[in-house]
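Breakdown of the fold
Residue-level listing of the chains:
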Amino acid sequence: MRKMTLFFLFFGLTVLGGCSSSESDAPPLLSNEEGPSPLLQIHQVYLENYLYAPEELPTSLSGFSGPSDYVNFVNNQRPENDRFSSYLEPEAFASFNEVIFQERALIGIQFTPHEGIISESNPLLMESIRVFSRAYYDGLQAGDRLLEVDGIPISGMTFEQVRELLPTFENEPVILKILRGASEFFFTTSSENSVELVLDPVQGIGYISLRTFSDDSLTFILSDIQALQSQGVTRLILDVRENGGGALIGVRNILNYFIPTEGLLLYSLEDRNAVRESQFTGSFTSRESVFDETNMVILADAGSLSASEILANALKFYQEATFIGTQTGGKGVAQSVFGLSDGSGTIVVSRKIFGPNNDFYHLQGIAPDFQSNASTPPTLGNDSQLQDAIDFLTAP
């Protein structure tokens, strides 16, 4: 069985990590259709990769209905429960891969569960808008009813057909016609996992909201920075609030841009046998950043996990950015991702994460340089943490 790509990801409130000879490959299958059952495969994965003691694993597979039942059993063996290992059915695993391997960028809209044909009596509604996403900043709201996508009425379609109309690539625009109350509105938005805005053109303050970490995150951030600098931006706010993580190579490349000095320890991974692998600046693509702790703020909060914590921790430690916000969520373990032969997949806790000062912050989190309590909930007109970041950058 090949080693799996390790990620620092948060998918459906599950974070991951790993290492591989090809870090951008999709998760491999553990066997073909003639091989072991998915239940036996997942047991093999846990025996070989699970971070915690092997004696916590079942000694017999009898009585388990399938992989999901197995993972639930294992998770419940931990005193605090293992919140970060999970099993994903084929459809959910495919969606997971779309985001992680940058096959699909997101607008930030969560629709209400929908069955059947969309109609006046069976409308498609926006259940929630992901905070700090492109949809959030473009003004879409929970309760909005979707009527058209790029001029195409969705009445008579299924949800799956509507999903195919929505953009999938980074910075791909779309015009949505919605019904809010008794009024119809048109919103131009786009699918973006990295959202860039000019907050104050006079003071030269730019803003990037990073919603996940993928193989291409640095490419998108560099594009955002170039666009911001062309508009006179000289100060930057990098927002990873409510960002549960992402692909390991994504955070490594971003850190190599913002921390130009080579040979500095970024983080280390340690398996259950105490074998440690460390990553240093200069190991991957390195570029010189024009930002440091005097003109760059990283915003993070309790919803910032895994790769977001690695980013905030290293930037703070090496004084390349000022960390404003609240204590991060304390997700100091990484996972490996494995695909099973039936198209489903499993995310297995497999490594401890140590910071640049050898700190193990699992269940504790990273403390900010300056504490800033959040508006509840933050809105476009009332985001106290963002305002604190602006005030810091404009202070005499």
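Preceding block: the structure.
Let me sum up the structure you'll find in this document.

Parameters at a glance
- Residues numbered from 1 in each chain as written.
- Predicted model: local features only at pLDDT ≥ 70, side-chain atom pairs only at ≥ 80, totals over all residues.
- Heavy atoms only, no water.
- Pairing = 2+ DSSP bridges.
- Helix = DSSP H or I, 4+ residues; strand = E, 2+ residues; numbered from the N terminus.
- Core = buried A, V, L, I, M, F, W, Y, C linked by side-chain atoms within 4.5 Å.
- Buried < 20%, exposed > 50% of the residue type's maximum accessible area, 1.4 Å probe, protein only.
- Contact = heavy atoms within 4.5 Å.
- Phe/Tyr/Trp six-rings, centres within 6.5 Å; stacked < 30°, edge-to-face > 60°.
- Axes fitted to C-alpha atoms, helices over the stretch in contact; angles between N-to-C directions.
- Parallel < 35°, antiparallel > 145°, perpendicular 65-115°, else oblique.
- Left-handed = near helix turned anticlockwise from the far one by under 90°.
- Nonpolar A, V, L, I, M, F, W, Y, C, P; charged D, E, K, R; others polar.
- Right-handed = clockwise from strand over helix to strand, strands pointing away.

As for the sheet that holds strand E16 (residues 322-325)
- Pairing is mixed in the open sheet, where 6 strands are placed in the order E9-E10-E11-E15-E16-E19. Every interior strand has two partners, whereas the edge strands, strand E9 (194-200) and strand E19 (370-371), have only one.
- Here strand E10 (residues 205-210) runs beside strand E11 (residues 235-239); their pairing, made up of 5 bridges, is parallel. Bridged to Ser209 within E11 is Asp239.

Digging into the sheet that holds strand E5 (residues 145-149)
- Ordered by their spatial adjacency, 4 strands build an open sheet running E6-E5-E7-E8, and the pairing between neighbours is antiparallel. In the strand order of this sheet, the two ends are held by strand E6 (152-153) and strand E8 (183-191), each with one partner.
- As paired strands, E5 and E6 are joined by 2 bridges and run antiparallel to one another. Bridge assignment links Glu148 to a residue of E6, and that residue is Pro153.

Focus: the nonpolar core
- Counting 38 residues, the largest nonpolar core has Leu255, Phe258, Leu311 and Leu315 as the members making the most contacts within it.
- Put simply, the parts of the chain that give this core at least two residues each are E10, helix H6 (217-229), E11, helix H7 (248-258), strand E13 (265-270), strand E15 (296-300) and helix H8 (307-317).
- Apart from residues lying up to four places away in sequence, Leu311 is in contact with Phe213, Leu238, Val240, Val251, Ile254, Leu255 and Ile298.

Points about the packing of aromatic side chains
- The full count for this structure, using the stated rule, is 15 aromatic pairs.
- Centre to centre, the rings of Tyr257 and Phe258 are 4.8 Å apart; their planes meet at 70°, and the pair counts as edge-to-face.
- Taken together, the ring pairs in this structure connect Tyr46, Tyr50, Tyr52, Phe64, Tyr70 and Phe73 into an aromatic cluster.

Re the packing of H7 against H8
- Orientation of H7 relative to H8, taken along the N-to-C sense of each, is 15°, at an axis distance of 10 Å. As summarised for this structure, H7 and H8 are arranged roughly parallel, according to the angle between their axes. The handedness of the crossing between H7 and H8 comes out as right-handed. Packed against H7, whose contacting residues are Val251, Ile254, Leu255 and Phe258, the element H8 presents Ala307, Ile310, Leu311, Ala314 and Leu315 at the interface.
- Looking at the contact of H7 with H8, its residues break down into 9 nonpolar, no polar and no charged.

What about the pairing of strand E17 (residues 333-339)?
- Summarising burial for E17: 7 of the 7 residues are buried, a large majority.
- Across the two faces of E17 the burial is the same, with Val333, Gln335, Val337 and Gly339 and Ala334, Ser336 and Phe338 all buried.
- When E17 meets strand E18 (residues 345-354), the two strands line up antiparallel, connected through 7 bridges. When the sheet's bridge partners are listed, Ala334 is paired in E18 with Arg351.
- Hairpin remark: E17 followed by E18, antiparallel, with 5 residues in the connecting loop; positive phi at Gly343, about 95°.

Section: the packing of helix H1 (residues 38-49) against helix H2 (residues 67-75)
- Relative orientation of the contacting elements H1 and H2 amounts to 30°, with a least axis distance of 8 Å. For the element pair H1 / H2, the angle class is roughly parallel. Here H1 contributes Pro38, Leu39, Ile42, His43 and Tyr46 to the contact with H2, which in turn contributes Pro67, Tyr70, Val71 and Val74.
- Grouping the constituent residues of the contact of H1 with H2 by class yields 8 nonpolar, 1 polar and no charged.

Describing the pairing of E10
- With 6 of its 6 residues buried, E10 lies for the most part within the structure.
- The alternating pattern of E10 places Ile205, Tyr207 and Ser209 on one face and Gly206, Ile208 and Leu210 on the opposite face, and all of these are buried.
- Hairpin connection from E9 to E10: 4 residues lie between these consecutive antiparallel strands, with Gly204 at a positive phi of about 70°.
- This β-α-β element, E10 to H6 to E11, shows right-handed connectivity.

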